[in-house]
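# Fold and geometry: a report
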Amino acid sequence: MAGIKALISLSFGGAIGLMFLMLGCALPVYDKYWPLFLLFFYILAPIPYCISRRIVEDTDSASNACKELALFLTTGIVVSAFGLPIIFARADVIAWGACALVLTGNVVIFTTILGFFLVFGTNDDFSWQQW
């Protein structure tokens, strides 16, 4: 039952994060849809880590080159997702209020993605690898 509660809370977090992103785009004050390009970053962020989890089994060593590269690429994707709205706002493509809403959505979405891997990352009976 704890897995179902975690899944519901993670889906609620994702919905709240997407709501902030949509508010930053669709409010009549802002009315620019350029921040929707962040959806690509939300999709791309977990992919390197998922690939490295499939390729490399857990070993006793402290670090693994494949996992380190996956974490590096994921960090680059996350930093780019936070940088793009700031660049849009500095170039006057979007308003600063829209940038604040989009950055709030980024924090919520990436916290939700991190929570997903923390909750479902273990190899127990309720693991995401069984899906």
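Computed from a prediction, not measured in an experiment: that's the story for all the values here.

On to the overall build of the protein, then. Looking only at helices and strands, the protein features five helices and zero strands. Its helices and strands in sequence order give the protein the pattern α-α-α-α-α, from N to C terminus. Out of the 131 residues in the protein, the part that is buried amounts to 34%. Look at the contacts in the protein between residues 6 or more apart in sequence, and 63% of them connect residues 24 or more apart. Looking at the protein as shown, the accessible area adds up to about 8,100 Å², and 72% of this sits on carbon and sulfur atoms.

To characterise two packed helices, one gives the angle between the axes of the helices and the distance between these axes. Viewed as axis vectors pointing N to C, helix H3 (residues 47-55) and helix H4 (residues 65-90) meet at an angle of 170 degrees, and their least axial separation amounts to 8 Å. The orientation of H3 relative to H4 falls into the category roughly antiparallel. The residues of H4 that touch H3, namely those facing Pro48, Tyr49 and Ser52, are Cys66, Lys67, Ala70, Leu71, Leu73, Thr74 and Ile77.

Among the structural elements, Thr74 can be located in helix H4. In contact with Thr74, other than residues within four places in its own chain, are Ala45, Pro48 and Tyr49.

Note that Ala100 resides in helix H5 (residues 96-120). Separated by 14 residues in sequence, Ala100 and Ile86 have C-alpha atoms that sit 8.8 Å apart.

Looking now at the environment of Val79. Position of Val79 among the secondary structure elements: in helix H4. Along the sequence, Val79 and Phe41 sit 38 residues apart, while their C-alpha atoms lie 9.8 Å from each other.

On the UniProt side, "transmembrane region" (unreviewed entry) is annotated at positions that read residues 7-30, 36-56, 68-88 and 94-120 here. For the annotated span residues 36-56, helix accounts for 76% and strand for 0% of the residues, and the straight-line distance between the end C-alpha atoms is 33 Å. As a span, residues 68-88 carries 100% helix and 0% strand, and end to end its C-alpha atoms are 30 Å apart.

Turn by turn, an α-helix covers 3.6 residues, leaving residues three or four places apart pointing in a common direction. Buried within H3 are the following residues: Pro48, Ser52 and Arg53. Relative to the axis of H3, the buried residues are bounded by an arc of 135 degrees and lie together on one face.

Conventions used here
Residues numbered from 1 in each chain as written. Predicted model: local features only at pLDDT ≥ 70, side-chain atom pairs only at ≥ 80, totals over all residues. Heavy atoms only, no water. Helix = DSSP H or I, 4+ residues; strand = E, 2+ residues; numbered from the N terminus. Buried < 20%, exposed > 50% of the residue type's maximum accessible area, 1.4 Å probe, protein only. Contact = heavy atoms within 4.5 Å. Areas by Shrake-Rupley, 256 points an atom, 1.4 Å probe, with all protein chains shown as cover. Axes fitted to C-alpha atoms, helices over the stretch in contact; angles between N-to-C directions. Parallel < 35°, antiparallel > 145°, perpendicular 65-115°, else oblique. UniProt positions renumbered as here; feature names shortened; annotations may be inferred. Arc of directions from axis to C-beta.

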